[in-house]
Amino acid sequence: MKLDDPNLKRLEPPKLTLFEKTYLPQILGGLVVTGRHILGAAVGGKAITVQYPEEQHVPSANYRGVHRLNKDEQGRVKCVACMLCATACPAHCIDIVGATAPPEWEDREKYPESFVIDELRCIYCGMCEEACPVDAIELTGLYDLTGLSREEMIYDKTKLLSVFDMTKDAEPMQSGNPPATLALPTSPLEPEGPGPRPSSSAGIPPRS
Amino acid sequence: MATWQFLVILVKIVLIVGIFQGAVAYMIMLERKIAAWAQDRVGPNRAGPFGLLQPLADGAKMLLKEDVIPGYVNRPLYILAPAIAIVAATIGFAVVPFGPVGTDAPTVSGHAIEFQIAPNVDIGILYVFAIGSLAVYAVILGGWASNNKYSFLGGLRNSAQIISYEIPLGLSVLGMIMMARSLDLGEIMAWQEQNGLGFIPAWGILVQPLGCLIFLISAFAETNRLPFDLAEAEQELVGGFHTEYSAMKFGMFFLGEYLHVITVSFLMSILFLGGWDPLFFDLGSNGWISAVIKVGVLFFKVFLMVVFIMWIRWTLPRFRYDQLMNLAWKALIPLALLNLIVTMILLQLFRGIG
């Protein structure tokens with residue numbers, strides 16, 4: 001656009017009156033705004049704080065927390081040790097040792113003998129989830145990941161499978177069993193939305 | 001001076017120092033609560049019922065933390081600076097009247113108990129300002145002795161800021177002083193109580209609105225509170241002058257700042273909000289009951305001022321440095337002079353009537 005373009009609209013800053021130039025009316029307006037917030041939170045109970053240990057935060061449906069390794073209908077690990085997740089991982093936190101699948105597993109050639117994720121190196125980007133051709137690795141809504149040592153935070157296959165057992169009811173797999181019924185994204189704090197359901201969310205303790 | 005009077009003064013000093021140190025602890029709690037509420041949070045609520053033990057926890061933390069003195073600091077000045085901060089903030093209370101003084105004071109077996117450590121100091125307000133300006137030494141020395149460029153910048157900014165804002169601060173109260181014809185804080189309060197039209201009191205905020213506003217703005221700058229806290233602007237200067245301070249030395253700067261806020265709130269209440277004048281009804285002039293009510297009213301006004309100062313903190317963003325200087329030199333000082341001149345003219349014209 002050229003400077004003399006007829007479509008160019010020139011805006012002048014609004015002229016302030018002498019009273020407005022003292023900025024007092026604007027300051028008073030600001031005081032009203034903050035005052036409303038202060039009163040609202042102090043006496044109106046409008047504070048949005050979640051009293052964490054007593055009151056559990058429910059993350060949104062697409063929250064990326066601790067990983068899990070999904071199981072199929074027969075309880076076998078779904079992973080086929082194709083290494084796509086480990087390749088996609090920008091943090092190099094996935095370590096898979098593949099092995100030939102047992103002969104009775106006719107639908108696949110390989111399975112992971114060991115599947116280790118270093119949860120401290122992971123940046124929770126979700127690329128592994130995207131890369132997986134069989135929807136075996138998924139990120140859950142578990143956010144309270146803690147440990148007392150670095151070793152404790154390196155999750156092996158058993159631990160990752162146990163995360164699946166822990167979260168399979170609250171967060172159904174995106175495909176496979178049970179049948180995919182992708183819920184529409186709901187607001188994070190809506191009790192009906194997908195995501196882990198804390199059992200205590202019904203009786204939220206009063207804020208003090 | 002009789003031993004008895006000496007004892008009374010000692011008791012008053014101990015009481016006032018104790019009360020205000022305790023008040024500061026709870027002011028920090030109040031500040032954190034108001035900060036939280038302004039941001040739609042709840043604020044500290046874990047220590048004790050409603051978080052009321054939080055100040056104790058904070059104090060214990062300050063005292064028990066490791067007191068690091070960096071190797072590159074100028075040791076004597078580094079240690080002196082927080083001491084100056086707290087001493088300068090505390091001794092200002094010597095002339096602040098907390099309740100009835102002079103003839104109004106209640107008596108115990110014929111001896112008047114005056115609610116002021118040093119009663120009837122003729123130059124009360126001058127003393128408060130003089131002591132208040134001493135606080136700048138704490139900041140400058142602290143910043144310089146820390147041997148750290150951020151601390152030094154904080155100290156420099158603060159020195160220029162305080163020197164600039166002393167002028168409008170002083171000019172703004174001159175109007176009140178001329179009207180009350182006294183520098184004694186007690187007399188100024190008494191004047192506000194005795195004058196006035198009908199039920200409208202002659203509070204400073206009504207007879208000197210411009211002076212009141214200028215005083216308020218300058219007071220914010222003098223106490224280093226937002227929007228004028230350039231000396232410790234965290235975003236630009238790490239922590240400003242107290243970057244290198246830890247544990248109780250940092251706590252002493254903190255204490256000093258809050259004591260300063262209390263002093264300023266007292267001055268504001270006394271000079272412009274009528275002191276212990278409880279609007280609309282007249283208290284008897286004598287006796288302990290009226291004295292206690294007066295102390296209560298004054299402390300309530302001070303409390304409101306403190307809340308207001310914290311409220312402003314969450315309303316206005318920090319000034320840029322040139323804006324700060326422009327405000328002082330191009331706006332506040334000319335306005336304060338104008339206010340002074342208009343007051344003088346009016347006083348001269350209506351001398352016989354008022």
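Residues numbered from 1 in each chain as written. Chains lettered and ligands numbered in written order. Predicted model: local features only at pLDDT ≥ 70, side-chain atom pairs only at ≥ 80, totals over all residues. Heavy atoms only, no water.

S.K.: Please clarify how helix H2 (residues 24-42) of chain A should be interpreted in this entry.
M.R.: The periodicity of an α-helix, 3.6 residues per turn, causes residues three or four positions apart to be oriented the same way. The terminal C-alpha atoms of H2 of chain A, which comprises 19 residues, lie 26 Å apart, in line with the 27 Å expected from a rise of 1.5 Å per residue. Burial in H2 of chain A covers these residues: Leu 31, Thr 34, Gly 35, Ile 38, Gly 40 and Ala 41 of chain A. The elements touched by buried residues of H2 of chain A are helix H1 (3-38) and helix H11 (288-313) of chain B. (Helix = DSSP H or I, 4+ residues; strand = E, 2+ residues; numbered from the N terminus. Expected span 1.5 Å × (residues − 1). Buried < 20%, exposed > 50% of the residue type's maximum accessible area, 1.4 Å probe, protein only. Contact = heavy atoms within 4.5 Å.)

S.K.: For this particular structure, what's the right way to read the side chain of Asp 229 of chain B?
M.R.: Topologically, Asp 229 of chain B is positioned in the loop between helix H8 (209-222) and helix H9 (234-237). Reaching out from Asp 229 of chain B, the side chain makes a polar contact with the side chain of Arg 318 of chain B at a distance of 2.7 Å. (Polar contact = N/O pair within 3.5 Å; in protein donor to acceptor, adjacent residues only side chain to side chain.)

S.K.: I'm lost on the packing of aromatic side chains in this one. Help?
M.R.: How two aromatic rings sit relative to each other is set out by the distance from centre to centre and by the angle between their planes. Residues and elements named next belong to chain B. Counting across every chain of the model gives 16 aromatic pairs over all chains. With a centroid separation of 5.3 Å and an interplanar angle of 35 degrees, the aromatic rings of Phe 250 and Phe 254 are classed as tilted. Separated by 4 residues within a single helix, Phe 250 and Phe 254 lie in helix H10 (residues 247-272), roughly one turn from each other. With a relative accessible area of 24%, Phe 254 lands in the partly exposed category. Ring geometry for Phe 254 versus Tyr 258: centroids 5.4 Å apart, planes at 50 degrees, classification tilted. (Phe/Tyr/Trp six-rings, centres within 6.5 Å; stacked < 30°, edge-to-face > 60°.)

S.K.: I'm lost on unusual backbone geometry in this one. Help?
M.R.: Most of the time, phi is negative for any residue but glycine, and the peptide bond is trans. Even without glycine at this site, Asp 40 of chain B takes up a positive phi of about 60 degrees. Asp 40 of chain B gets classed as buried once you look at its relative accessible area, which sits at 18%.

S.K.: Hey, could you run me through the nonpolar core in this one?
M.R.: Soluble globular proteins tend to bury their nonpolar side chains together. Core analysis: the largest hydrophobic core is formed by 72 residues, its most contacted members being Phe 20, Phe 93, Val 173, Phe 215, Phe 266, Leu 271 and Phe 272 of chain B. Sorting elements by how many residues they give to this core places H10 of chain B first, with 12 residues. Residues in contact with Phe 215 of chain B, not counting those within four places in the same chain, are Phe 129, Leu 169, Ser 172, Val 173, Val 264, Leu 267, Met 268, Leu 271 and Phe 272 of chain B. Grouped together as the second largest cluster of nonpolar side chains are 24 residues, Leu 69, Ala 91, Ile 96 and Ile 117 of chain A included. (Core = buried A, V, L, I, M, F, W, Y, C linked by side-chain atoms within 4.5 Å.)

S.K.: I would appreciate a short explanation of the confidence of the model for chain B in the present structure.
M.R.: Do not read the predicted coordinates in detail wherever pLDDT is low. Of all residues in chain B, 93% attain a pLDDT of 70 or more, and the chain-wide mean is 83. Confidence metrics for the complex model read pTM 0.77 and ipTM 0.77. (pLDDT = per-residue confidence, 0-100.)

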